[in-house]
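Each chain, written out:
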Amino acid sequence: MKILLFGAGGLVGKELVALYARTANEVSRPTSAEVDITKFEQVQDFVNEHKPELIINCAALTDVDKCELEEDTAYKINALGPKHIALAAREQHAKVIHLSTDYVFDGEKGEPYNEFDATQPINIYGKSKLDGEEFIKEVTDDFMIIRTAWVFGKGRGNFVDYVVDGVLKQKEITAIKDMVSSPTYAEDLAVQIKKMAETRETGIFHMANKGYGTRLEIVEEIMSLIGKPANVKVITQRQWEKPAKRPAFSALNNYHLTVLGKNEMPEWKEALKRYLKAKYKII
Ligand SMILES: NC(=O)c1ccc[n+]([C@@H]2O[C@H](COP(=O)([O-])OP(=O)(O)OC[C@H]3O[C@@H](n4cnc5c(N)ncnc54)[C@H](OP(=O)(O)O)[C@@H]3O)[C@@H](O)[C@H]2O)c1
């Protein structure tokens, strides 16, 4: 299959590149310098030239605080970018798989969100990502929107790496005790995305590792896996001075996958253990 992958240099994108490299699929993966998704002509020209059957969009402005401070940039990349991709895909009859986020929810539900729950973002990142979802749904029928959460993986630095570094070098680790979501290993996510890409399914899918925890619980799990204590500064979200507010409880329930009998996402603690083994060889 001919696949076009936007955001191939990011945390999720790199895992998809590695996974598809072991297959016969032909994957084109322009950098943002080659195709800026905020520019419709650039997207259209690339799509028309390469004629993909599937476009996977992992490109986004994922820095939640930067989105809050640079609203125009957030809407351009996270909302208009997906619109451009969907328009170009429709012309070529290509399917679109678009990545989205748990931050489309307000965090007030108190239990994991499924695909039928009402969205209500509380920051610009979440709003701009939700607008991206809406554009995809408006423009094309042939789409899968995949919402994931708190991703960790080898592709770039992330919260898990920050904690491992703190434990190994005995540096202070700041851990928020009242923010909950579903930590998700990029490698597991890539495997599940590829499996779903091989089906004819459409619609919105939550795709996170099973279970959920606070940032503090992630720190505790990492300390326990490494077998070393660390200097942990426990704070509340209120004490964490950041431009953007985060939802308090945005864990995801992979309900759509589950009812289809296709939820193969492993449990997050088991995924975390595999990641520490693969990247740090310390357990
Ligand atoms: N990371 C998480 O914890 C998390 C959680 C929930 C949902 N998600 C969603 O998952 C998806 C992937 O996230 P990620 O963490 O893998 O992203 P990431 O590591 O931050 O990488 C973002 C990618 O987007 C590309 N990009 C940015 N602006 C672009 C533009 N104007 N044109 C073309 N490409 C552009 C970047 O390309 P260059 O490097 O070439 O500029 C980069 O490859 C996103 O939709 C995100 O919202 C992520």
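Residues numbered from 1 in each chain as written. Predicted model: local features only at pLDDT ≥ 70, side-chain atom pairs only at ≥ 80, totals over all residues. Heavy atoms only, no water.

### Thoughts on the packing of aromatic side chains
Where we set the bar: Side-chain rings of Phe, Tyr and Trp, where Trp is taken by its six-membered ring, are said to pair if the distance between their centres is within 6.5 Å; with planes under 30 degrees apart they count as stacked, over 60 as edge-to-face, and otherwise as tilted. What counts as a helix is a DSSP run of H or I of at least four residues, what counts as a strand is a run of E of at least two, and both are numbered from the N terminus. The buried label goes to any residue with under 20% of its type's maximum accessible area, the exposed label to any with over 50%, and the partly exposed label to all in between, with areas taken from a 1.4 Å probe on protein chains only. By the criterion adopted, a ring carries a charge over it if an Arg CZ or a Lys NZ lies within 6 Å of its centre and within 35 degrees of its normal.
A full pass over the atoms with the stated rule returns nine aromatic pairs. A ring pair is formed by Phe-152 and Tyr-275, whose centres lie 5.3 Å apart and whose planes are at 55°; its orientation type is tilted. Of this pair, Phe-152 sits in strand S6 (residues 151-152) while Tyr-275 sits in helix H10 (residues 268-280), and the two are 123 residues apart along the sequence. Pair check on accessibility: Phe-152 and Tyr-275 agree, each one buried. Looking at Arg-215, its charged tip hangs above the ring of Trp-150, at a distance of 4.0 Å from the centre. Above the plane of the ring of Phe-159 lies Arg-215, whose end atom (NZ or CZ) is 4.5 Å from the centre.

### Focus: the site of the ligand
Put simply, the test is: The nearness test applies per residue and asks whether one of its heavy atoms lies within 4 Å of the molecule or strand. Identification of polar contacts relies on pairs of N or O atoms within 3.5 Å, with a donor-acceptor requirement for protein atoms, meaning one able to donate a hydrogen and the other able to accept it, and with residues adjacent in sequence counted only if both atoms are side-chain atoms. All accessible-area figures derive from a Shrake-Rupley calculation using a 1.4 Å probe, and residue coverage is judged against the displayed protein chains alone. Polar here means any residue other than Ala, Val, Leu, Ile, Met, Phe, Trp, Tyr, Cys and Pro, which are nonpolar, and Asp, Glu, Lys and Arg, which are charged; Gly is therefore polar.
Neighbouring the ligand are 26 residues; Ser-32, Thr-62, Tyr-125, Lys-129 and Arg-156 lie closest to it. Here an oxygen atom of the ligand and a side-chain polar atom of Thr-62 are 2.6 Å apart. Relative to its unbound accessible surface of 910 Å², the ligand loses 82% to contact with the protein. Secondary-structure elements contributing two or more residues to the shell around the ligand are helix H1 (11-21), strand S4 (95-101) and helix H5 (124-139). Considering each element in turn, the shell around the ligand owes the most residues, three residues, to S4. Looking at the shell around the ligand residue by residue, the classes come out as 13 nonpolar, ten polar and three charged.

### With respect to the pattern of salt bridges
What counts is decided by this rule: Definition used for salt bridges: Asp or Glu carboxyl oxygen within 4 Å of a side-chain nitrogen of Lys or Arg.
In this structure the tally under the stated criterion is 16 salt bridges. For Lys-279, the salt bridge goes to Asp-161, with nearest N and O atoms at 3.5 Å. Of this pair, Lys-279 sits in helix H10 while Asp-161 sits in helix H6 (residues 159-169), and the two are 118 residues apart along the sequence. Owing to a relative accessible area of 9%, Asp-161 belongs among the buried residues under this scheme. Residues Asp-188 and Arg-274 are paired through a salt bridge, measuring 2.9 Å at the closest nitrogen-oxygen approach. Linking Asp-188 in helix H7 (residues 186-197) with Arg-274 in helix H10, this pair joins segments that are 86 residues apart in sequence. Using a relative accessible area of 9% as the deciding quantity, one classes Asp-188 as buried.

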